[in-house]
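Results of the structural survey
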2 protein chains.
Amino acid sequence: MIDLFSEALILHKRLRGKINIIPKVEVRNINDLSLVYSPGVAEPCKEIARDPELAYQYTIKGNTVAIVSDGTAVLGLGDIGPLAAMPVMEGKAILFKRFANINAFPICLDTTDVDEIVQTIRNIAPAFGGINLEDISAPRSFIIEQRLQDLGIPVFHDDQHGTAIVVLAGLYNAAKVVGKDVKDLKVVINGAGAAGIAIAKMLRCVDHMNQEACIPVKQITVCDSKGIIHRDRKNLNFAKKELLGFTNFDNQVGSLKDALVNADVFIGVSKGDLLKAKDIETMATDPIIFGLANPTPEIMPEEAYKGGAAIVATGRSDLPNQVNNVLGFPGIFRGAMEARAPKITTAMKLAAVHAIAECIKFPTVSEIIPSTLNDRVAYKVAEAVKAQAIKDFGEHKYAEGI
Amino acid sequence: MIDLFSEALILHKRLRGKINIIPKVEVRNINDLSLVYSPGVAEPCKEIARDPELAYQYTIKGNTVAIVSDGTAVLGLGDIGPLAAMPVMEGKAILFKRFANINAFPICLDTTDVDEIVQTIRNIAPAFGGINLEDISAPRSFIIEQRLQDLGIPVFHDDQHGTAIVVLAGLYNAAKVVGKDVKDLKVVINGAGAAGIAIAKMLRCVDHMNQEACIPVKQITVCDSKGIIHRDRKNLNFAKKELLGFTNFDNQVGSLKDALVNADVFIGVSKGDLLKAKDIETMATDPIIFGLANPTPEIMPEEAYKGGAAIVATGRSDLPNQVNNVLGFPGIFRGAMEARAPKITTAMKLAAVHAIAECIKFPTVSEIIPSTLNDRVAYKVAEAVKAQAIKDFGEHKYAEGI
């Protein structure tokens, strides 16, 4: 029997790329050609020239997303460059189609310069209704996303928000199972890259416009490879400095293990095999463990349970409670694009958190997060995000089913 | 009955864009997901990181073309901008698929700056095996194409070479029909935009590497809206100055009508309704008339025949001898990409010219150019272009059927 990795290689070679671009309409004769191309095509062109919003009616724009990467932070592989990132972006395009019927196309950029990436995305934006930033290393990814928020279409860095959204949905249900109030949780996040920082921000509802749906966790401590991030650390990048505005209010110093003492929740977005059962034993009662490093979690479930964990989630598809971004991004883009939202607000992200969490009526230890292949999730998320977008931005005159 | 233009508008609105991006493989279960996405996808990523050429084996690159436009010179509509150009680029994507099974995606650029366009195309190149430049106004289009010839993948400005290739194929057959030698023809080109200049260059085999297939027409005169382009004209742009290196050797001055006297061939890539029967009467015996302005030709066939024309071609699908780029670009990209050619040489273009011409065994007055919907043309062109590419660049180690 061949293993998964050999099989994946053979499949990719056989397919020569995982997506196809196909016409929605056949060209059987000269009349067909005259309608889809010259001279008939001039009519929608003229209409769009008159009113640019009509591009949403006459072109693919309204249902098309660019998956943009520079290949600097791909999966667990790191900086492998734009060409080598292509299979991941094509895979993501499959997921956009599979879960939300969105056309997505990989744009792999042969530059790592922030200004150039921002300018390139601005330049290619006309064909797209949304931009999904992917696998771009932090902190450049934060800057790129921030600088593109005025583009007029949603620009969303999935490695940050996608993970954060699914983690918070799981945390919400996990707290229910152990009978704790999310607001009272003492949370330790290990990893201060894109995902770790985004999780911290959402837990504190930083930049939040709508208090209603908010989960403002009071105590958060973030660690990186050097231990707890505190005010006296030297050489912190701007994103880590920003974190200190809403985490570690007591300015605790020490290691990850120091941080864990009496904590209710551990969220690892770092690397495998960091913790042992004895570390979990130091935590508060019924600790909740999210070990999301892939393929090896920060702590394996059996080891965590040995230390007294109440609930364990990982990033792995072969274990219960898989945190997988695919529960988030397809429905988020679908909802935002159907509402013609110019951006994805924190309130829209929180709407997605609650929609995902509510896909499970009665959460249990082995089911705090819906299954990755549950088709209902994306549509629930899309509805919630669209409704919130309409609250945030009003009904758009051209918004309708795409 | 509704007219073509209303029907085109309704069709575009109903379709909401004319292309779809679809997975080549289904995601039915977690195992499928593990193969096309994480964790299995890491294998082809690692392979490509090791050897970038393997992107042609494991990704869509080898069979994917970007159709790049800034919307400055769209059809007969002029500078309508990148959004309004989208329907044309989507239509072109349909033709790439229909005739050569190539995946093509519209990249409509929100900038008209030459440096930015060049840089943006360089930045997005990893996902593509070829770049089709489209509807970018001259002379910027020449500079952009020229500056991108070192990109390592074919960069082809279809408005220049596509039209030139099909015109020359038709001219080759037309000369056969009237019993003249192409080399002896006195040719007048009206219009010194992208197409006019490219036609002149190919007639003179400028930059040609391989004399064998060449058609070096001796006498060419090019006119623009101010008349014959000659050495004493002021304020000529660089492209028109370059033309004078291989046209109008006698430095003839005067109007288009002066140029036509005793000419064998008129090629109009300008605007409608310029000529009358009496202008054709001043030409040499059996004149060949290509009136390619759309939708109204420089002279309608019946008027040209009244003036003594032997053969007339237009750009219109409802008249005989339609010059349509679709006879060229699908097969040219297919052949170049199958051979993994780093660029499209003049010899490859001439191979396309002869392949198109030879699709008609016995040319007649009413058939010097194959029908636009003749499926054999693209494959004949692809074979010829691929064979020439292998002559020009050698067998590529990864070149094989895509």
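Residues numbered from 1 in each chain as written. Chains lettered and ligands numbered in written order. Predicted model: local features only at pLDDT ≥ 70, side-chain atom pairs only at ≥ 80, totals over all residues. Heavy atoms only, no water.

If you tally the helices and strands in chain A, you get 16 helices and 11 strands. The C-alpha atoms of chain A give a radius of gyration of 22 Å, which matches the 21 Å a tight globule of 402 residues would have. In terms of its C-alpha atoms, chain A occupies a principal-axis envelope of roughly 75 × 55 × 45 Å. Looking at the 402 residues of chain A, the share that counts as buried comes to 63%. (Helix = DSSP H or I, 4+ residues; strand = E, 2+ residues; numbered from the N terminus. Rg over C-alpha atoms; globule rule 2.2 N^0.38 Å. Buried < 20%, exposed > 50% of the residue type's maximum accessible area, 1.4 Å probe, protein only.)

Residues and elements named next belong to chain A. If you walk through the whole model with that rule in mind, you get 40 salt bridges over all chains. One salt bridge in this structure joins Lys 46 and Glu 43, with 3.3 Å as the shortest N-O distance. Linking Lys 46 with Glu 43, this pair stays in helix H3 (residues 42–50), spanning 3 residues, or about one helical turn. Judged by its relative accessible area of 43%, Lys 46 falls in the partly exposed class. (Salt bridge = Lys/Arg side-chain N within 4 Å of Asp/Glu carboxyl O.)

Residue and element names in this part refer to chain A. When the terminal C-alpha atoms of helix H15 (residues 346–357) are compared, their 16 Å separation across 12 residues agrees well with the 16 Å that a helix rising 1.5 Å per residue should span. Where burial is concerned, most of H15 is hidden: 12 out of the 12 residues are buried. Considered for burial, the residues of H15 that qualify are Thr 346, Ala 347, Met 348, Lys 349, Leu 350, Ala 351, Ala 352, Val 353, His 354, Ala 355, Ile 356 and Ala 357. Turning to H15, the residues buried within the fold contact strand E5 (155–157), helix H8 (158–178), helix H9 (194–203), helix H14 (329–338) and helix H16 (375–393). (Expected span 1.5 Å × (residues − 1). Contact = heavy atoms within 4.5 Å.)

This part covers the sheet that holds strand E7 (residues 219–224) of chain B. Residue and element names in this part refer to chain B. Spatial strand order, E8-E7-E6-E9-E10-E11: 6 strands in an open sheet with mixed pairing. Either end of the sheet is taken by a strand with one partner, and the two such strands are strand E8 (227–228) and strand E11 (311–314). Sheet topology note: the strand E6 (residues 186–190)/strand E9 (residues 265–268) ladder contains 4 bridges and is parallel. Paired with Ile 189 across the strands is Ile 267, a residue of E9. Docked against the sheet, helix H8 (residues 158–178) engages E9, strand E10 (288–291) and E11, running at close to 155° with respect to E10. With respect to the sheet, helix H9 (residues 194–203) is in contact with E6, E7 and E9, its orientation differing from that of E6 by roughly 160°. (Pairing = 2+ DSSP bridges. Axes fitted to C-alpha atoms, helices over the stretch in contact; angles between N-to-C directions.)

Time to look at the interface of chain A and chain B. Each partner contributes to the interface: chain A provides 92 residues, whereas chain B provides 92 residues. Taken together, both faces of the contact between chain A and chain B bury some 9,100 Å²; the carbon and sulfur share is 71%. Inspection of the region where chain A meets chain B yields 0 salt bridges. Summed over the shared surface of chain A and chain B, the result is 35 residue pairs in polar contact (both at pLDDT 80 or more). Elements with a contribution of two residues or more to the side of chain A that touches chain B: helix H1 (4–15), strand E1 (19–23), helix H2 (30–36), H3, helix H4 (55–58), helix H5 (81–100), strand E3 (103–108) and helix H6 (114–124) of chain A. In terms of residue count, H5(A) provides more of the side of chain A that touches chain B than any other element does, 13 residues in total. Grouping the amino acids of the side of chain A that touches chain B by side-chain chemistry returns 52 nonpolar, 21 polar and 19 charged. Inspection of the sheet shows E1(A) paired to strand E1 (residues 19–23) of chain B by 5 bridges, in the antiparallel sense. Residue pairing for E1(B): Asn20(A) is matched across the bridge by Ile22(B). (Buried area = accessible area lost by both parts, 1.4 Å probe. Polar contact = N/O pair within 3.5 Å; in protein donor to acceptor, adjacent residues only side chain to side chain. Nonpolar A, V, L, I, M, F, W, Y, C, P; charged D, E, K, R; others polar.)

Moving on: the relation of the copies chain A and chain B. Between chain A and chain B, which share one sequence, the superposing operator has a rotation angle of 180° and an axial displacement of 0.0 Å; the RMSD is 0.0 Å. The superposition operator between the copies reduces to a two-fold rotation axis. For chain A, the residue whose C-alpha comes nearest the rotation axis is Ile21(A), separated from it by 2.3 Å. Most of the interface of chain A is mirrored in chain B, where 100% of its interface residues are also at the interface. (Least-squares fit on C-alpha atoms with pLDDT ≥ 70 in both.)

A rise of 1.5 Å per residue sets the reference length of helix H1 (residues 4–15) of chain B, with its 12 residues, at 16 Å; its end C-alpha atoms lie 16 Å apart and thus fit the reference within 8%. Along H1(B), the positions that sit buried rather than exposed are Ala8(B), Leu11(B), His12(B) and Leu15(B). In a view along the axis of H1(B), the buried residues occupy a sector of 95°, so they form one face of it. Those residues of H1(B) hidden inside the fold are in contact with H2, H3 and H4 of chain A together with helix H5 (82–100) of chain B. Directly after H1(B), the chain includes Arg16(B), whose backbone phi takes a positive value near 50°. (Arc of directions from axis to C-beta.)

The next point concerns the packing of aromatic side chains. Following the criterion strictly, the structure yields 9 aromatic pairs over all chains and no others. On the basis of an interplanar angle of 85° and a centroid distance of 5.7 Å, the ring pair of Phe156(A) and Phe333(A) is categorised as edge-to-face. A residue pair is termed long-range when its members are at least 10 positions apart, and Phe156(A) in strand E5 and Phe333(A) in helix H14 qualify at 177 residues. By relative accessible area, which is 1% here, Phe156(A) ends up buried. Its relative accessible area of 0% is what places Phe333(A) among the buried residues. The interplanar angle of 70° and the centroid separation of 5.4 Å between the aromatic rings of Phe96(B) and Phe333(B) together place this pair among those described as edge-to-face. (Phe/Tyr/Trp six-rings, centres within 6.5 Å; stacked < 30°, edge-to-face > 60°.)

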